[in-house]
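Structure assessment
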Amino acid sequence: MEAETDVDLLKRAWRNEKAAPEILQFEAGLVQRVREQIQLLEETVEEFTENRSDDLVVSLYQMDLDRALFLLRSYLRIRLQKIEKYMIHISKTNLWNRLSEQEQRFAKRCIDIMENHLEQTVLSRLPYGYQSMLKQSISSEEDDMVPEPQLDTFVFCKAKNNVGAFQLDDIIIDKNMIFLVPKGRRDHRLGRRRFICFKIQVYEGSGRWRPHRSCLTK
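The structure contained in this document is the topic of the report that follows. (Residues numbered from 1 in each chain as written. Predicted model: local features only at pLDDT ≥ 70, side-chain atom pairs only at ≥ 80, totals over all residues. Heavy atoms only, no water.)

A word on the overall build of the chain
Counting its regular elements, the chain contains 5 helices and 5 strands. Listing every helix and strand of the chain by position from the N terminus yields α-α-α-α-β-β-β-β-α-β. The burial tally for the chain puts 35% of its 218 residues in the buried class. Taking the intrachain contacts of the chain between residues at least 6 apart in sequence as the baseline, contacts between residues at least 24 apart amount to 62%. (Helix = DSSP H or I, 4+ residues; strand = E, 2+ residues; numbered from the N terminus. Buried < 20%, exposed > 50% of the residue type's maximum accessible area, 1.4 Å probe, protein only. Contact = heavy atoms within 4.5 Å.)

A few points about helix α2 (residues 28-50)
Here α2 spans 33 Å end to end across 23 residues, near enough to the 33 Å set by a 1.5 Å rise per residue. Buried positions along α2 lie against α1 (6-19) and α3 (55-91). Backbone geometry just downstream of α2 places R52 in the positive-phi region, at approximately 55°. (Expected span 1.5 Å × (residues − 1).)

Re the packing of α1 against α2
If you want to describe how two helices pack, look at the angle between their axes and the distance between the axes. Between α1 and α2, the least distance of the axes is 10 Å, while the angle of their chain directions is 130°. The pairing of α1 with α2 is recorded here as oblique in orientation. Two packed elements cross with a definite hand, and for α1 against α2 that hand is left-handed. When α1 is examined against α2, the residues D6, V7, L9, L10 and A13 are found in contact with a partner set consisting of L30, R33, V34 and Q37. Looking at the contact of α1 with α2 residue by residue, the class counts come to 6 nonpolar, 1 polar and 2 charged. (Axes fitted to C-alpha atoms, helices over the stretch in contact; angles between N-to-C directions. Parallel < 35°, antiparallel > 145°, perpendicular 65-115°, else oblique. Left-handed = near helix turned anticlockwise from the far one by under 90°. Nonpolar A, V, L, I, M, F, W, Y, C, P; charged D, E, K, R; others polar.)

Details of the packing of aromatic side chains
A full pass over the atoms with the stated rule returns 3 aromatic pairs. For the ring pair W14 and F70, a centre distance of 6.0 Å and an interplane angle of 70° mean the geometry is edge-to-face. Of this pair, W14 sits in helix α1 while F70 sits in helix α3, and the two are 56 residues apart along the sequence. Taken together, a centroid distance of 6.3 Å and an interplanar angle of 25° make the contact between F26 and Y75 stacked. A residue pair is termed long-range when its members are at least 10 positions apart, and F26 in the loop between α1 and α2 and Y75 in helix α3 qualify at 49 residues. Note on F26: relative accessible area 15%, which makes it buried. (Phe/Tyr/Trp six-rings, centres within 6.5 Å; stacked < 30°, edge-to-face > 60°.)

Some words on the pattern of salt bridges
One pass over the structure, following the stated rule, counts 5 salt bridges. For the salt bridge of K82 with E17, the shortest nitrogen-to-oxygen distance reads 2.9 Å. Pair noted here: K82 is in helix α3 and E17 is in helix α1, with a separation of 65 residues, a long-range link. Here K82 matches E17 in class, with each residue buried. For the salt bridge of R79 with E103, the shortest nitrogen-to-oxygen distance reads 2.7 Å. Within this pair, whereas R79 is found in helix α3, its partner E103 is found in helix α4 (residues 101-121), the two being separated by 24 residues in sequence. Just as R79 is buried, E103 falls in that class too. One continuous salt-bridge network, built from bridges that share partners, spans E17, R79, K82 and E103. (Salt bridge = Lys/Arg side-chain N within 4 Å of Asp/Glu carboxyl O.)

Considering a nonpolar patch on the surface
A contiguous nonpolar surface patch, about 320 Å² in accessible area, is contributed by L56, L60 and M63. Along the polypeptide, M63 turns up in helix α3. What makes M63 exposed here is its relative accessible area of 54%. (Patch = residues over 30% accessible without salt bridge, like charges linked within 9 Å, V, L, I, M, F, W, Y side chains within 5 Å. Areas by Shrake-Rupley, 256 points an atom, 1.4 Å probe, with all protein chains shown as cover.)

A look at the side chain of H89
Here H89 is to be found in helix α3. Once you skip the residues sitting within four places of it in the chain, H89 turns out to touch L95, V146, P147, E148 and P149.

Structure representation (structure tokens):
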């Protein structure tokens, strides 16, 4: 079995971040290693170009460089989008500890800018009791104006390997089987290394989730 490269690990982190409704732990060590590899690849491509090396060799190195750059930029961009959308919720929960130092500074600046903007344009003109950007009114017991991640979204999961006697409700999971589970259940019962998960929005009239055989393919 081949060892996973840092780019493979970054691809997994990128996929997980893209599928998860809440922000995940920042992969600081991995991001630093990938940045160092990108710098090395840029130097290598520049050196080969100056030495007029074989165009095929240069293009192969350039492809690796482009792939690593895309994954890193997309990974960081997805995290910034989540911070912009849920910055207040993140700042008030333990999700704050999942951010890097740069992301925490970014979140603080965003919150300060939004507070100042709302205060100057809207809140200062509202009647007493309605001047909070966190609550609809002074009588609200919770911060009902703060957007939060939807943790009840559903995901499609595909088994990467046979997992033997592992069982979810009435379903025995074999390799390459695809099934639908609530995101919360995936966190508690499904191992990360044994499954590939893809997010999907599902709404049922009953409000209760049941496994659908039509969603399962071997």
